[in-house]
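# Working through the structure, step by step
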Amino acid sequence: MDKKTEDFYIRLKEELANTSLWPTEYLFKFIVPSNVEKVETVENAFNEMGAVINTTQSKTGKYTSISISVQMQNPQSVIDKYQELAVVEGIISL
């Protein structure tokens, strides 16, 4: 992980710790190329967690927006999930 990405996660963790009482409901938002395997990879990362998942395809069908609302235990668990999904080619985390 490069220094810029590492700094981003450190800053995000601090902000999450200071703005929420944990555990809390967290909303993840991702944009991925509209590819069944990529969408399923993101959705499967939240299996067995009681997540509410909504997907919407772009007008052209080229991209899929994925919103996931799920109970997370602490800021580090949020960071871990973002890092787990960073390997999905073309994913954008919002």
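One structure accompanies this document, and this report is about it. Everything numeric in this text was worked out from a predicted model, so none of it was measured.

With that out of the way, let us pick up helix 3 (residues 75-85). Every buried residue belonging to helix 3 is among Pro75, Ser77, Val78, Ile79, Lys81, Tyr82 and Leu85, and all of these are buried. Looking at the buried side of helix 3, the elements it contacts are helix 1 (3-19), strand 1 (24-33), helix 2 (36-44), strand 3 (63-72) and strand 4 (92-93). Between the side-chain oxygen at the start of helix 3 and the backbone nitrogen of glutamine 76 there is a gap of 3.1 Å, and the oxygen is on asparagine 74.

Pairing of side chains with opposite charge becomes possible as their charged atoms draw close. For the structure shown, the criterion picks out two salt bridges. With a closest N to O distance of 3.1 Å, aspartate 7 and lysine 3 form a salt bridge. In this pair, aspartate 7 and lysine 3 both sit in helix 1, four residues apart, roughly one turn of the helix. Linking lysine 81 and glutamate 84 is a salt bridge whose minimum nitrogen-to-oxygen distance equals 3.3 Å. Taken together, the residues span about one helical turn, with lysine 81 and glutamate 84 both in helix 3 at a distance of three residues. Assessed through its relative accessible area of 42%, glutamate 84 is described here as partly exposed.

Pairing of strand 1 with strand 3, which is carried by 10 bridges, proceeds in the antiparallel orientation. Across the sheet, residue isoleucine 31 finds its bridge partner in strand 3, namely serine 65. Sheet topology note: the strand 2 (residues 52-57)/strand 3 ladder contains six bridges and is antiparallel. In the strand pairing of strand 3, threonine 55 is matched with isoleucine 66. Hairpin connection between strand 2 and strand 3: a loop of five residues separates the two successive antiparallel strands, and glycine 61 in this loop has a positive phi of roughly 80°.

Analysis parameters
The numbers attached to residues start from 1 for each chain and follow its sequence in the written order. pLDDT decides what is reported in this predicted model: residues at 70 or higher carry local features, side-chain atom pairs at 80 or more are listed and counted, and totals for whole chains, interfaces and linings draw on all residues regardless. Excluding hydrogens and water, the side-chain values take into account all heavy atoms of the structure. Working definition: with a 1.4 Å probe on protein chains only, accessible area under 20% of the residue-type maximum means buried, over 50% means exposed, and in between means partly exposed. Secondary structure follows DSSP: runs of H or I at least 4 residues long count as helices, runs of E at least 2 residues long count as strands, and numbering of each begins at the N terminus. Should any heavy atoms of two residues lie within 4.5 Å, those residues are counted as being in contact. We define a polar contact as two N or O atoms separated by no more than 3.5 Å, with the added condition that, inside protein, one atom must be a possible hydrogen donor and the other a possible acceptor, whereas residues neighbouring each other in sequence contribute only through side-chain atom pairs. Counted as salt bridges are all cases of a side-chain nitrogen of Lys or Arg within 4 Å of a carboxyl oxygen of Asp or Glu. Two strands make a pair as long as DSSP finds a minimum of two bridges between them.

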